Amino acid sequence: MDDFRDYSATDTLLPPILDADACMADLPRIMEPWEDAAAFPVMDCLSRVRSRGGWQWPERPVIFVSDAHADAEGFLRSLIAAGVIYRSSGRIGLTAFGRTAHIVLGGDTMDKGPSNLALLDAIGDVLNTGAEFTILAGNHDLRMRLAIGSVRGERTVLTEHLFVRMGRKILPALREVLARFVTPEDMAALPSEAASKARLMPGPDWAERFAKAAQKELRPKVIAKEIRKLEEKRAKFDTDRVRIGMTHRELLAALLKCHEIFLEPGGHYTWFFDRMQAVARSRSLLFVHAGLCDDMARALVRDGVEAVNAAYARAAEGATLEFYFGPLANLVRTKYRASDRALTEAGVETLNRAGLHMVVQGHVNNHAGQRLLAKQGLLHLEADITLDRTSRALEGLDGIGAGATLIFPSGDVIGLSRDHPRAKHFAPERVAAH
């Protein structure tokens with residue numbers, strides 16, 4: 001369908017768009033210098049990189065798309081805009097550029113958008129092309145796993161509230177699972193409505209029991225916040241449940257079915273959590289949903305990415321609140337708030353001396369394309385461009401979102417978004433040289 005070209009050269013940065021439906025006509029093709037790169041904190045980061053050994057760029061192009069949030073069409077349009085896939089007569093294929101590239105899905109696959117299952121099916125279609133594809137964990141994906149585990153696993157005072165705490169936002173996904181996968185036989189095997197509710201909801205004296213039991217795992221401020229959040233969410237939960245039209249029996253049926261299709265061997269979507277990583281590295285770049293802390297900076301440098309991902313996978317399998325508030329889950333949750341795990345000058349220095357100079361992340365959505373900024377003295381590229389239609393409608397953005405961050409072996413970084421009139425171009429080594 002197309003000829004192979006060497007896309008590592010700077011004069012061929014934007015690969016051609018192969019789009020039979022012409023749905024990408026509103027994506028920018030003309031580039032402009034990335035304005036954020038001129039900000040003093042970013043320039044300071046670039047100077048620091050020079051003094052710590054300079055940049056090492058990926059050996060093949062990396063395409064980063066983040067926070068798809070259950071919007072299959074936005075996800076597919078983003079990959080079309082990046083030139084890595086094409087659609088023809090409903091079929092998805094890899095372009096020549098796509099065969100050279102590494103696609104990184106930056107977390108938060110679940111929640112918000114039109115259809116969780118349609119997005120998972122679309123990701124499966126892209127995987128079936130043979131694309132090199134990494135799936136990163138996001139906080140919404142972790143919430144789904146915790147909600148499933150809280151019902152399926154052993155019920156304890158530390159976990160009995162987790163479905164209400166984590167599960168409100170996954171109600172649309174549970175409605176989809178109920179409609180597609182739950183059978184009459186599954187429903188017949190369940191207990192009564194009252195018994196199902198008791199299995200899903202924390203007991204009436206939960207707060208007192210939790211405050212006592214959690215002392216070994218959590219700080220007093222965290223315990224108080226967790227109790228307060230649960231009370232806020234419990235008040236909204238039943239309203240949302242009624243609005244979406246599900247009984248407690250149906251919720252329980254969908255959650256148990258989620259365990260089967262997502263977590264059991266041979267499940268329809270078992271590949272999703274099986275493939276999930278907390279962090280990926282490509283030479284000087286770290287790809288993660290949210291950010292880092294000093295503990296993770298040391299672990300990544302000392303033990304390597306594979307060890308950190310293995311530790312995350314083990315902990316997520318039997319997730320506890322200690323894990324949720326700890327350094328591993330901080331990778332998918334942090335916004336560098338005072339309540340988050342700290343990234344300090346020492347952690348940044350550890351990363352820089354190991355040749356790690358930029359974090360490419362999702363998690364923080366923007367309305368005018370990607371952003372470059374210094375966080376805690378470390379260069380970050382925020383690549384969540386508000387992709388899903390639900391968020392776009394709530395936040396005053398029109399149409400279907402599309403955008404991707406393209407990072408080339410030449411050291412060129414391109415930010416594409418349908419909400420910014422031009423493609424943003426950042427070449428750190430050339431910026432630093434001036």
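You'll find the structure just up there.
Residues numbered from 1 in each chain as written. Predicted model: local features only at pLDDT ≥ 70, side-chain atom pairs only at ≥ 80, totals over all residues. Heavy atoms only, no water.

A. Here's a closer look at the pairing of strand β8 (residues 279-282). When β8 meets strand β9 (residues 285-288), the two strands line up antiparallel, connected through four bridges. Paired with A280 across the two strands is F287, which belongs to β9. (Pairing = 2+ DSSP bridges. Helix = DSSP H or I, 4+ residues; strand = E, 2+ residues; numbered from the N terminus.)

B. Structural detail: the layout of surface pockets. Put simply, the largest pocket is a space of about 900 Å³. In terms of lining, the largest pocket is formed by 35 residues, of which the most central are R143, Y324, R333, R337 and D340. Of all elements in the fold, only α5 (139-152), α11 (220-244), α16 (321-324), α17 (327-333) and β10 (358-365) reach the threshold of two or more residues within the lining of the largest pocket. At five residues, the largest contribution of residues to the lining of the largest pocket is made by α11. Split by residue class, the lining of the largest pocket holds four nonpolar, nine polar and 22 charged. (1 Å grid on protein atoms, 1.4 Å probe; cavity = no way out; pocket = protein on both sides within 12 Å on 5 of 7 lines; lining within 4 Å. Points joined across faces, edges and corners; volume = space filled by probe spheres on them. Nonpolar A, V, L, I, M, F, W, Y, C, P; charged D, E, K, R; others polar.)

C. Just the packing of helix α10 (residues 206-213) against α11, in detail. The N-to-C vectors of α10 and α11 enclose an angle of 155°; their axes lie 10 Å apart at closest approach. Considered as vectors, α10 and α11 are oriented roughly antiparallel to each other. The crossing of α10 and α11 is right-handed. Facing α10, whose interface residues are W206, A207, F210 and A211, α11 presents I223, E226, I227 and L230. Along the lines of polarity and charge, the residues of the contact of α10 with α11 split into seven nonpolar, no polar and one charged. (Axes fitted to C-alpha atoms, helices over the stretch in contact; angles between N-to-C directions. Parallel < 35°, antiparallel > 145°, perpendicular 65-115°, else oblique. Left-handed = near helix turned anticlockwise from the far one by under 90°. Contact = heavy atoms within 4.5 Å.)

D. Local environment of the sheet that holds strand β2 (residues 62-65). Taken in spatial order, the eight strands make up an open sheet running β1-β15-β14-β13-β2-β5-β6-β7, and their pairing is mixed. On the outer flanks of this sheet lie β1 (31-33) and β7 (276-277), each paired with one strand and no other. With four bridges joining them, β2 and strand β5 (residues 102-105) adopt parallel strand pairing. Bridge pairing links I63 to I103 in β5. Those strands touched by helix α4 (residues 116-127) are β5 and β6 (132-136), and its axis lies near 150° from that of β6.

E. Just the side chain of H102, in detail. Mapped onto the secondary structure, H102 falls in strand β5. Within the local environment of H102, its side chain forms a polar contact with the side chain of T134, the two groups lying 2.7 Å apart. (Polar contact = N/O pair within 3.5 Å; in protein donor to acceptor, adjacent residues only side chain to side chain.)

F. Layout of α4. With 12 residues, α4 ought to run about 16 Å at 1.5 Å a step, and its terminal C-alpha atoms sit 17 Å apart, in line with that. For α4, the tally of buried residues reaches nine of 12 residues, placing the bulk of the element in the interior. If you check which residues of α4 are buried, you get N116, L117, L119, L120, A122, I123, G124, V126 and L127. Its side-chain oxygen 3.0 Å from the backbone nitrogen of A118, S115 forms the N-cap of α4. (Expected span 1.5 Å × (residues − 1). Buried < 20%, exposed > 50% of the residue type's maximum accessible area, 1.4 Å probe, protein only.)

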